[in-house]
Amino acid sequence: MKVLVTGGLGYIGSHTVVELIANNYEVVIIDNLSNSEIFILDNIEKITGVRPIFYNINLLDSQGLEEVFNSHKIDGIIHFAAFKSVSESVKNPFKYYNNNLNSLMNVLNFMNNKNIKNIVFSSSCTVYGQPDKLPVSEAEPFKKATNPYAKTKQISEGMLEDFINFNDRVRGISLRYFNPVGAHDSALIGELPKGIPDNLVPYITQTAVGIREELSVFGKDYNTHDGTAIRDYIHVEDLAKAHLKAFNFLNDSEDKNNYEFFNVGTGIGYSVLDVINSFENINNLKLNFFFKDRRDGDIEEIYSDVKKSKKVLKWKSERSLDDMMSSAWRWQKNLANF
Ligand code: WQD
């Protein structure tokens, strides 16, 4: 089976490519390197012994895409390629709408024209906003998005659902990630934020390694066990395995024309301080952090109801918070070698 992975050199994409190759899929990667580095391709080869076919193409370049689809018989697509910074999307919303929506539009057009049946789409728990009930299940309706990034994910899921309802040969799944963290056990691939990290864990590891002076903890007055905000952190290797389960489900599914969506989290909520404590204990170091005001756009608490993924995809997370923190630290230290 030949799978096209858009954004396949990115954080989640690269870990999913490793899983696909380990399960004997042939992988074609399209990535414009806007949020990744070419050495990740070398390291995927080091991990798997296979160098995936790679095209440095922007998904808005229909001509470039035409070349890829004419050169390969693609059995399915896993679509990661999108901008994903919440704070950047607030500052530059139309960069997000243009890239995230038009890229997906192009992918769907080629699926239609080239008769490709299966797609797994990279969505996000931000589609829920601040849920009224926790754990949040897939039955929860979308609330008003708190930022343009989240809105592009809500609109994208709607586009995918309508496309599948229109084209009765296609099957698709949206995976709603909670908070992906950590790195591959080899410490050869991991999170590679460009510039100052938005996200908590890369900021923690950059503080620990001395790139950043100190970590700001945004908010100590939330209505939680220790006053800091709660998220459902999931090991990126667990998340990669969920994509394989989703892709196999589409291939095997009897129902020839369905759109499904699944939460991909651990079902456990951890606070910012829980994460910091895990990082310090498992890596035997002390972090320099200070409490600051809440960050605009942040929600107080979210964690996943995991029943549907377990029942339908036969997938559940296996890695602990300590695993996530030790793998993140190993990767940060190893980055000095690339
Ligand atoms: C987590 C917690 C911050 C940085 C976003 C996207 C989501 C997904 C993951 C793509 C919050 C706190 C953070 C820092 C801090 N991305 N924090 N100091 O905002 O939950 O989710 O990234 O799929 O879609 O919305 O993740 O890591 O930015 O924040 O205290 O320097 O850590 O306030 O409570 P977030 P995050």
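Quick look at the structure, then.

Observations regarding the packing of helix α9 (residues 272-283) against helix α11 (residues 321-334)
Okay, so step 1: For the pair α9 and α11, the least separation of the axes is 9 Å and the interaxial angle reads 65°. Handedness of the crossing formed by α9 with α11: right-handed. Listed contacts from α11 to Asp 274, Val 275, Ser 278, Phe 279, Ile 282 and Asn 283 of α9 are Leu 321, Asp 322, Met 325, Ser 326 and Trp 329.
Okay, so step 2: Each residue belonging to the contact of α9 with α11 can be placed in one class, and the counts come to 6 nonpolar, 3 polar and 2 charged.

Some words on the pairing of strand β8 (residues 215-218)
Okay, so step 1: Here β8 shows a clear split, with Leu 215 and Val 217 buried on one side and none of Ser 216 and Phe 218 buried on the other.
Okay, so step 2: Sheet analysis places β8 next to strand β13 (residues 289-292), joined by 4 bridges and oriented parallel. Bridge pairing in β13 places Phe 218 opposite Lys 292.

Side note on the pairing of strand β2 (residues 26-30)
Okay, so step 1: Counting buried positions over the 5 residues of β2 gives 4, a clear majority of the element.
Okay, so step 2: Of the pairings in the sheet, the one linking strand β1 (residues 2-6) to β2 comprises 5 bridges and is parallel in character. Among the inter-strand pairings, Lys 2 is bridged to a residue of β2, identified as Glu 26.
Okay, so step 3: The parallel pair β1 and β2, bridged by helix α1 (residues 11-22), forms a crossover whose chirality is right-handed.
Okay, so step 4: For β2 and strand β3 (residues 53-55), the ladder comprises 3 bridges, and the chain directions are parallel. Of the residues in β3, the one forming a bridge with Val 28 is Ile 53.
Okay, so step 5: Of the crossover connections in this fold, the one passing from β2 over helix α2 (residues 39-48) to the parallel β3 is right-handed.

Some details on the pattern of salt bridges
Okay, so step 1: Summed over all chains, the structure comprises 21 salt bridges.
Okay, so step 2: The partner of Lys 2 in a salt bridge is Glu 26, and the shortest N-O contact between them spans 3.8 Å. A residue pair is termed long-range when its members are at least 10 positions apart, and Lys 2 in strand β1 and Glu 26 in strand β2 qualify at 24 residues.
Okay, so step 3: Its relative accessible area of 15% is what places Lys 2 among the buried residues.
Okay, so step 4: For Glu 26, a relative accessible area of 41% corresponds to the partly exposed category.
Okay, so step 5: The closest approach of N and O atoms between Glu 19 and Lys 241, which form a salt bridge, is 3.2 Å. Placement of Glu 19 in helix α1 and of Lys 241 in helix α8 (residues 236-252) is noted, with a sequence separation of 222 residues between them.
Okay, so step 6: Put simply, Asp 185, Glu 237, Arg 319, Asp 323 and Arg 330 are held in one network by salt bridges that share partners.

Conventions used here
Residues numbered from 1 in each chain as written. Predicted model: local features only at pLDDT ≥ 70, side-chain atom pairs only at ≥ 80, totals over all residues. Heavy atoms only, no water. Axes fitted to C-alpha atoms, helices over the stretch in contact; angles between N-to-C directions. Helix = DSSP H or I, 4+ residues; strand = E, 2+ residues; numbered from the N terminus. Left-handed = near helix turned anticlockwise from the far one by under 90°. Contact = heavy atoms within 4.5 Å. Nonpolar A, V, L, I, M, F, W, Y, C, P; charged D, E, K, R; others polar. Buried < 20%, exposed > 50% of the residue type's maximum accessible area, 1.4 Å probe, protein only. Pairing = 2+ DSSP bridges. Right-handed = clockwise from strand over helix to strand, strands pointing away. Salt bridge = Lys/Arg side-chain N within 4 Å of Asp/Glu carboxyl O.

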